[in-house]
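Each chain, letter by letter, is given below.
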Amino acid sequence: MGALLDLVQLRTFVAIADCGGFGRAASALRTSQPTVSQHVRSLERVVGQPLVEKTGRSTRFTMAGETLLVEARRLLAVHDEALCRLGAERSAELTVGAVEHAGYQTLPDLLGALMAALPTRDVVFRLDRSTPLAEATQKGTLDMALILGVVPDVGGRQVATLPLRWLAAPGWYLPPPDRPVPLVAFQEPCALRRQAVSVLEGLGWPVRITTEAVNLEGVLAAARARLGIALLPTAFGVPKGLEEIAPLPAQDPVGLRLLSRRGLDPAIESSACAALREFFSSVAEFPGALAAQVAIGNSN
């Protein structure tokens, strides 16, 4: 029997091109970098010539590698279409990251909106903070991520705009200008925390961090316990048990953005983007339909 091309190894080869390197391909495929390298070496033995070459710290495809990439995409497409016609295809998994509170009390509805928009995909959520989610998407370990636009140079597509509010327990008052303002915030790194400190100090108040939290529940609980003021993006009005501190200057809204990994089908990204825009538009217009008075932000 002549030489045979292995479909698994071909998928690895295509992932290297789509994800931009061996390491990112390994992350996207949930495997190790040595395994990716082994797959490439096996393909090189089959075709009898080098497929990749090093240029400094990076690698690029040789002419033979570029040719194989075209053929690999064609072979994999034919293979997948054949399985589809035979009714043997399996739903592909789509891993979507989200800032923890984009799904706070609305995760089933948010998940349902994405599943309805992507009926051929098994949508799996990963909840985290904006910066780790952005990094995971860039590495290819996440297909998409829903994060706050406070991350610098984040790119992606905006799907919603969330107002920023100064929140505290009812009856809480700002101290005199010579006294520190108690601030409740997320642990660093946190762009919203830095923004709150900068604004308050610019108004002449020293700032004292009274509570650091790793999630929204901790920030809200501390604010409700009158431990300080918090600056949070909110989608459905003021969270229960808190009120907006009006004397402080209004802050610009923060965008909620959808990032996609390199190589993701543009049609998937467009469908998800449209579904998310519709979802957040509907809950902003009819907050009672999902979870009213829920903060929906996190910092990077």
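Each remark here, short or long, concerns the structure printed above.
Just so we're clear, the structure is a prediction, and the values are computed from it rather than from any experiment.

### Examining the pairing of strand 7 (residues 181–186)
Counting buried positions along strand 7 gives six out of six residues, so the element sits mostly inside the fold. In strand 7, alternate side chains face the same way, and those of Val181, Leu183 and Ala185 on one face and Pro182, Val184 and Phe186 on the other are all buried. Where strand 7 lies against strand 8 (residues 207–213), six bridges are found, and the strand directions are parallel. Residue Phe186 lies in a different strand from strand 8, and its bridge partner there is Ala213. Between the parallel elements strand 7 and strand 8, the chain passes through helix 7 (residues 191–202) in a crossover that is right-handed.

### Considerations on the pattern of salt bridges
A side chain with one charge may pair with a side chain of the opposite charge, provided their charged atoms come close. A complete count under the given rule lists nine salt bridges for this structure. A salt bridge links Arg74 to Glu71; the nearest nitrogen and oxygen atoms lie 2.7 Å apart. Remark: Glu71 and Arg74 occur in helix 4 (residues 63–85); sequence separation between them is three residues, near one turn of the helix. On the basis of relative accessible area, Glu71 is assigned to the partly exposed category, the value being 31%. The salt bridge partner of Glu212 is Arg193, with a shortest N-O separation of 2.8 Å. Of this pair, Glu212 sits in strand 8 while Arg193 sits in helix 7, placing them 19 residues apart in sequence. On the basis of relative accessibility, which here comes to 12%, the residue Arg193 falls in the buried class.

Basis of the calculations
Residues numbered from 1 in each chain as written. Predicted model: local features only at pLDDT ≥ 70, side-chain atom pairs only at ≥ 80, totals over all residues. Heavy atoms only, no water. Buried < 20%, exposed > 50% of the residue type's maximum accessible area, 1.4 Å probe, protein only. Helix = DSSP H or I, 4+ residues; strand = E, 2+ residues; numbered from the N terminus. Pairing = 2+ DSSP bridges. Right-handed = clockwise from strand over helix to strand, strands pointing away. Salt bridge = Lys/Arg side-chain N within 4 Å of Asp/Glu carboxyl O.

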